[in-house]
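Structural overview
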Amino acid sequence: MSTTAVETVGTFCKRYGPSRLPGASRPAVGAGYAVATAALAAAVAFVVLTEVETLLFGGPIAVTGELTYYGLLAIPLVVPAAFVGGAVAWRLVPESMSYRGPLAGLFATLLTHVVATLVVVAVLIVTNPFESVLRSGQFGLVVGFFGFLFTFWLTLPIGALSGWIHERAVTEY
């Protein structure tokens, strides 16, 4: 991506996007907003792509329809998890590291998957009082594992790109 494209994205975000939110001027919080925005974009892209795949190639609607449904259900869970992952990753990845932005974006994406899985486990344990804690926890881990398997091809590149854009926006503005 050229510097002009980064400037355009940076200007757009400063006018209309996450940079207007509270605390966005702090780099770690800004990274949280950037990764949360990227997670929202990845979730919407996943939903759209699964629907397009269904329309173009057919397949069992039970499988492809459920992927779309789970993609929509994941949005309110994944976006806050991505905010936390982005802020934590930006603080943990050293400033002196080469390619800090893309690496922090990848790390934030992995943290997002972990945090979202832990939240799913917690929700399943709390909402299923008649199931054993172990069984609910195992099911939550399976959901998180398959969530990663179905989305890593999309979330990892988007995470790295958002980290790179955020790094450029922080250093250039």
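It should be noted that the structure appears before, not after, this text.
The rules we used
- Here, residues in each chain are numbered from 1, in the same order as that chain's written sequence.
- In keeping with the predicted nature of the model, local features appear solely for residues at pLDDT of at least 70, side-chain atom pairs appear and are counted solely at 80 or more, and the whole-chain, interface and lining totals rest on all residues.
- Only hydrogens and water are set aside when side-chain values are computed; all heavy atoms of the structure are taken into account.
- Per the convention used, a helix needs a DSSP run of H or I reaching at least four residues, while a strand needs a run of E reaching at least two, with both numbered from the N terminus.
- We call two residues in contact when some of their heavy atoms are within 4.5 Å.
- Note on areas: these come from Shrake-Rupley sampling with a 1.4 Å probe, and a residue is covered only by the protein chains present in the view.
- Residues enter a nonpolar core if they are buried and are Ala, Val, Leu, Ile, Met, Phe, Trp, Tyr or Cys, with the set joined through side-chain atoms within 4.5 Å.
- The rule is simple: take the accessible area with a 1.4 Å probe, protein chains only, and divide by the maximum for that residue type; under 20% is buried, over 50% is exposed, in between is partly exposed.
- Just to be clear on terms, a salt bridge is a Lys or Arg side-chain nitrogen sitting within 4 Å of an Asp or Glu carboxyl oxygen.

**Some thoughts on the overall build of the protein chain**
From N to C terminus, the protein chain includes five helices and zero strands. Taken from the N to the C terminus, the helices and strands of the protein chain come in the order α-α-α-α-α. Counting contacts in the protein chain only where the partners sit at least 6 residues apart, residues at least 24 apart contribute 67% of the total. Of the accessible surface of the protein chain, which amounts to about 10,300 Å², a share of 73% is contributed by carbon and sulfur atoms.

**Brief notes about the nonpolar core**
When a protein is soluble and globular, its nonpolar side chains tend to lie buried together. In this structure, V35, A36, A39, V78, A82, A89, A108 and L111 together form the largest nonpolar core, which totals eight residues. Of all the secondary-structure elements, those providing two or more residues to this core are helix 2 (27-57), helix 3 (61-92) and helix 4 (100-127). In this structure, A36 is in contact with V79, A82 and F83, ignoring residues within four places of it in sequence.

**Brief notes about the pattern of salt bridges**
The tally for this structure, following the rule as stated, stands at two salt bridges. E131 is the salt-bridge partner of R135, the closest N and O atoms lying 3.3 Å from each other. Residue R135 is classed as exposed on the basis of its relative accessible area of 55%. By relative accessible area, E131 is classed as partly exposed at 40%. Measuring nitrogen to oxygen at the nearest pair gives 3.8 Å for the salt bridge that ties E167 to R168. On the accessibility criterion, E167 (13% relative accessible area) is buried.

**So, the side chain of S162**
Residue position: S162 is located in helix 5 (residues 133-172). Exposure remark for S162: the relative accessible area of 9% places this residue in the buried category. If near-sequence neighbours (up to four positions away) are discounted, S162 is found in contact with A34, V35 and A38.

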